[in-house]
Amino acid sequence: MGIVSWIILGLLAGAIAKLLLPGKDPGGIIVTTLIGIAGSFIGGWLSSKILHKSVNVHFFDLPTWIAAIAGALVLLIAYRLVFGKSRD
């Protein structure tokens with residue numbers, strides 16, 4: 001998968017992570033989108049390094065999606081923990 005595929009996957013992973021983790025976010029849709037993109041990169045990288053599972057095979061590969069969504073969820077939770085209280 002190329003960089004554009006990862007960005008598109010990140011946009012979708014961020015949206016799915018937001019649906020799985022409802023509630024008020026400290027940032028808006030742009031921040032959630034950027035978190036999704038970063039989460040897809042981090043999730044894919046960690047999956048390939050730690051689990052030795054290649055995620056750059058196909059766009060519609062289930063492990064790729066799971067890694068991207070998990071990465072987006074972790075970053076979204078971390079972002080809420082760090083910046084959630086200060087922006088209320």
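My aim in this report is to walk through the structure given alongside it, one point at a time. Residue indices begin from 1 for each chain and proceed along its sequence in written order. The predicted nature of this model means local features are confined to residues of pLDDT at least 70 and side-chain atom pairs, given and counted, to a pLDDT of 80 or more, with totals for whole chains, interfaces and linings taken over all residues. The basis for the side-chain values is all heavy atoms of the structure; hydrogens and waters are excluded.

**Overview of the overall build of the chain**
Alright, step 1. Strands are runs of DSSP state E lasting at least two residues, helices are runs of H or I lasting at least four, and both sets are numbered from the N terminus onward. A tally of helices and strands in the chain yields three helices and zero strands.
Alright, step 2. For the chain, the succession of helices and strands along the chain, N to C, is α-α-α.
Alright, step 3. For the chain, the proportion of its 88 residues judged to be buried stands at 35%.
Alright, step 4. Contacts between residues were defined by any pair of non-hydrogen atoms, one from each residue, lying within 4.5 Å. Within the chain, residue pairs in contact and separated by at least 24 positions form 78% of the contacts whose partners lie at least 6 positions apart.
Alright, step 5. For the chain, the computed accessible surface area is about 5500 Å², with 75% contributed by carbon and sulfur atoms. Only protein chains enter the area calculation, which uses a 1.4 Å probe; residues under 20% of their type maximum are buried, those over 50% are exposed, and those in between are partly exposed. Where accessible areas are quoted, they stem from the Shrake-Rupley method and a 1.4 Å probe; at the residue level, only the protein chains shown are allowed to cover.

**Observations concerning the environment of V74**
Alright, step 1. With respect to the secondary-structure elements, V74 resides in helix α3 (residues 62-83).
Alright, step 2. Given a relative accessible area of 56%, V74 falls into the exposed group.
Alright, step 3. Spatially, the C-alpha atoms of V74 and G39 are 7.5 Å apart, while their sequence positions differ by 35 residues.

**Quick notes on the nonpolar core**
Alright, step 1. Here, the term nonpolar core denotes a set of buried Ala, Val, Leu, Ile, Met, Phe, Trp, Tyr and Cys residues that are joined through side-chain atoms within 4.5 Å. Formed by W6, L9, A13, A17, W65, A68, I69 and A72, the largest nonpolar core amounts to eight residues.
Alright, step 2. If you list the elements that add at least two residues to this core, you get α1 (3-20) and α3.
Alright, step 3. Setting aside residues up to four positions removed in sequence, A17 forms contacts with I69, A72, L73 and L76.

**Looking at α1**
Alright, step 1. Relative to the 26 Å expected for 18 residues at 1.5 Å per residue, α1 spans 25 Å between its end C-alpha atoms, a close match to the ideal helical length.
Alright, step 2. Restricting attention to buried positions, one finds in α1 the residues W6, L9, G10, A13, G14 and A17. Viewed end-on, α1 has its buried residues packed into an arc of 145°, placing them on one side of the element. Those residues of α1 that are exposed and angled more than 90 degrees off the buried face are V4 and L19.
Alright, step 3. Among the structural elements, α2 (29-50) and α3 are those in contact with the buried residues of α1. A helix is expected to span 1.5 Å for every residue after the first. In this context, the arc is that of the directions from the helix axis out to the C-beta atoms.

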